[in-house]
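Here is how the chains run, residue by residue.
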Amino acid sequence: MSPFLARRVWPVAVAIALAFSIPLSARAMTTPALVVDVDSGAVLFAQDAGRPWYPASTTKLMTALVTFEALAAGEVTLETPVVMSKKAMRQESLHAGLSVGRAMRLEDALYAAFAASANDVAIALAQTVAGNETAFVARMNATAKRLGMNASHFANANGLFDSGQHVSARDLAILAMTIDKRFPQYRPIFGTSRVIVDGQAVDSFNALLTRYPGTVGMKTGFLCAAGRNIVALAERGGRRVMVVLLGATTDRERAERAAMLLTQAFAGELKPTGLSVGQIQDQPSQRPEDMRVRLCTSQSQAYEAKQARLYPMGIGSNPSYLDVPRAGHTRTIHTWAVNYPVDPPLPAAKPSTH
């Protein structure tokens, strides 16, 4: 069977398998997923789409929106320097080789924070926009409330674990579609697959950018507590489809499941459910699933094997929804050292009057 024919036939086979061949115990391990026709807002598929979940780096989509709104309001410009502070450099999972006192243009910081998912740059960006991260997070939550993201609450600007930080697939779709509609000029940021910072390359974890033709972009995220999340936007034949997938087990599973849902949507196999995204009910009273035991302990191998049986696409002889990798878009960033204090001392507290 040719790869093209396999991609046309395989969605039906997978759908049948999921509906009839998978034991109930395995089906219970599915995680939140949502497919939306972006232009009409029609929901094509929804599974636990209102269920709270830890966002991981999909948090940065809200960081992006708050920053884009600050740019539109003239609070900052694309030329505003973003300086790496001590707090920024204390973040986990740093890959860009930056250090305290290095600065970059705000436009470059957007690429570093979202295309390369640089946790340190996301904090520095928040501090630049709002003065400090606390004030920036307040803007994030105010924006979520304004958009009707009822299951969402943000505690930081980069998505590192905080038990009080959660979203839903529904809320992420609302957020991502708002960004895409209001700020189309920034789409290239989310479609960039590699960022080079002072000669050091950092690749995006979004395999769809280089392996699924038509991908516009958006954001991935991973935490042990969250699993592997993705918000993916693709365009084919004049149609634009968004997939939100939360809690995938491996990079392969995340990319294959997202590509499968996109392919089914473009092929017309996923029909409108009669709901718009906003009509999906969030479940804010639920607690997010904590995936740490399943993904980052001695139990992870057994759980991964179960999920591989549930989603075998791309394993061994099983057909894949992904093409061979192709060259993606690259952004080159140059930083410089600032010659002023990065973290000025806080003013002394006023003496007590009682």
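Basis of the calculations
- All residue numbers refer to positions counted from 1 along the written sequence of the respective chain.
- Local features are withheld for residues below a pLDDT of 70 in this predicted model, meaning they are given only at 70 or higher, and side-chain atom pairs are given and counted only at 80 or more; totals for whole chains, interfaces and linings count all residues.
- Neither water nor hydrogens contribute to the side-chain values; these are computed over all heavy atoms in the structure.
- Every residue is assigned a pLDDT by the predictor, reflecting its confidence on a scale from 0 to 100.
- Any two residues whose heavy atoms approach within 4.5 Å are treated as being in contact.
- What makes a salt bridge here is a side-chain nitrogen of Lys or Arg within 4 Å of a carboxyl oxygen of Asp or Glu, nothing more.
- Each helix corresponds to a stretch of at least 4 residues labelled H or I by DSSP, and each strand to a stretch of at least 2 residues labelled E; elements are numbered beginning at the N terminus.
- To count as a disulfide, a pair of cysteine sulfur atoms needs to be within 2.5 Å.
- We call a residue buried when its accessible area falls under 20% of the maximum for its residue type, exposed when it is over 50%, and partly exposed in between, using a 1.4 Å probe and counting protein chains only.
- Buriedness of a pocket was judged along seven lines, with at least five required to meet protein on both sides within 12 Å; pockets are open sets of points on a 1 Å grid over the protein atoms alone, cavities are sets where a 1.4 Å probe fits but cannot get out, and lining residues have an atom within 4 Å of a point.
- Grid points are joined across faces, edges and corners, and a volume is the space filled by probe spheres set on the points.
- Residues are grouped as follows: Ala, Val, Leu, Ile, Met, Phe, Trp, Tyr, Cys and Pro are nonpolar; Asp, Glu, Lys and Arg are charged; every other residue, Gly included, is polar.
- To estimate how far a helix should extend, the number of its residues minus one is multiplied by 1.5 Å.
- Two strands are said to pair when DSSP picks up at least two bridges between them.
- Lines fitted to C-alpha atoms define the axes here, with helix axes fitted over just the stretch in contact, and angles between the N-to-C directions of these axes take values from 0 to 180 degrees.
- Here the nonpolar core consists of buried residues drawn from Ala, Val, Leu, Ile, Met, Phe, Trp, Tyr and Cys, with membership extended through side-chain atoms lying within 4.5 Å.

Draft legend 1. How the structure looks around the confidence of the model for the protein. On average, residues of the protein score 90 in pLDDT, and 89% of them reach the 70 mark or higher. Scored below 50 in pLDDT, residues 1-28 makes 30 contacts in the model with residues more than four places away or belonging to other chains. Within the model, pLDDT remains below 50 along residues 346-354, and this stretch shows zero contacts once partners closer than five positions in the same chain are excluded.

Draft legend 2. Quick look at the pattern of salt bridges. As enumerated under the stated definition, the model contains 23 salt bridges in all. Arg105 is the salt-bridge partner of Glu79, the closest N and O atoms lying 2.8 Å from each other. One end of the pair, Glu79, is in the loop between α3 (60-72) and β3 (81-83); the other, Arg105, is in strand β4 (residues 102-105), and 26 residues separate them in sequence. Between Asp282 and Arg170 there is a salt bridge, and its shortest N-O distance comes to 2.8 Å.

Draft legend 3. A look at the state of the cysteines. Evaluation of the coordinates by the stated rule reveals one disulfide. Each disulfide pairs two cysteine sulfurs, and for Cys224 the partner residue is Cys296, the sulfurs being separated by 2.0 Å. Because the sign of the S-S torsion sets the handedness, a value of about -90 degrees for the bond joining Cys224 and Cys296 places this disulfide among the left-handed ones. A residue pair is termed long-range when its members are at least 10 positions apart, and Cys224 in the loop between β7 (215-223) and β8 (227-236) and Cys296 in the loop between α12 (292-295) and α13 (300-310) qualify at 72 residues. Looking at Cys224, the relative accessible area reads 27%, which means it is partly exposed. You can call Cys296 partly exposed: its relative accessible area is 37%.

Draft legend 4. Quick look at empty space enclosed by the protein. What the rule picks out here adds up to three cavities of 30 Å³ or more. Space inside the largest cavity adds up to approximately 70 Å³. Lining the largest cavity are 13 residues; nearest its centre among them are Phe114, Ala115, Ser204, Met218 and Lys219. If you list the elements that add at least two residues to the lining of the largest cavity, you get α5 (106-115), α9 (187-190) and β7. Ranked by residue count, the leading element in the lining of the largest cavity is β7, at three residues. Residue composition of the lining of the largest cavity, grouped by class: seven nonpolar, five polar and one charged.

Draft legend 5. Structural view of helix α11 (residues 251-266). Under the 1.5 Å per step criterion, the end-to-end length of α11 is 23 Å for 16 residues, consistent within 8% with the ideal 22 Å. The buried count for α11 comes to 14 of 16 residues, which makes it a mostly enclosed element. Among the residues trailing α11, Gly268 stands out with phi positive, at a value near 80 degrees.

Draft legend 6. Representation of the sheet that holds strand β2 (residues 43-47). Within the open sheet, the five strands sit side by side as β2-β1-β9-β8-β7. Their pairing is antiparallel. Across the chains shown, the open sheet's two edge strands, defined by having one partner strand only, are β2 and β7. Sheet twist, expressed as the average angle between the axes of neighbouring strands with direction ignored, equals 5 degrees. Pairing analysis gives four bridges linking strand β1 (residues 33-37) to β2, with the strands arranged antiparallel. In the strand pairing of β2, Ala33 is matched with Gln47.

Draft legend 7. Representation of the side chain of Asn229 within the structure. As for its placement among the helices and strands, Asn229 is situated in strand β8. Beyond its immediate sequence surroundings of up to four residues, Asn229 is in contact with Trp53, Tyr54, Pro55, Ala56, Thr58, Lys219, Thr220, Gly221, Leu245, Leu246, Gly247 and Arg254.

Draft legend 8. Structural view of the pairing of β8. Of all 10 residues in β8, eight are buried, a share of seventy percent or more. The sheet contact formed by β7 and β8 spans eight bridges and is antiparallel. In the strand pairing of β8, Thr215 is matched with Ala234. Taking the residues between adjacent antiparallel strands as the criterion, β7 and β8 are bridged by three residues. Bridging between β8 and strand β9 (residues 239-248) involves eight bridges; their strand directions are antiparallel.

Draft legend 9. Structural context of the nonpolar core. Membership of the largest hydrophobic core comes to 81 residues, with the highest contact counts inside it found for Leu34, Met62, Phe68, Val121, Met242 and Val244. Sequence-distant contacts of Phe68, that is, excluding residues within four places in its chain, are made with Leu110, Ile179, Phe183, Tyr186, Ile189 and Phe190. Core analysis: the next-biggest nonpolar cluster, separate from the first, contains 25 residues, Ala33, Leu44, Leu310 and Tyr321 among them.

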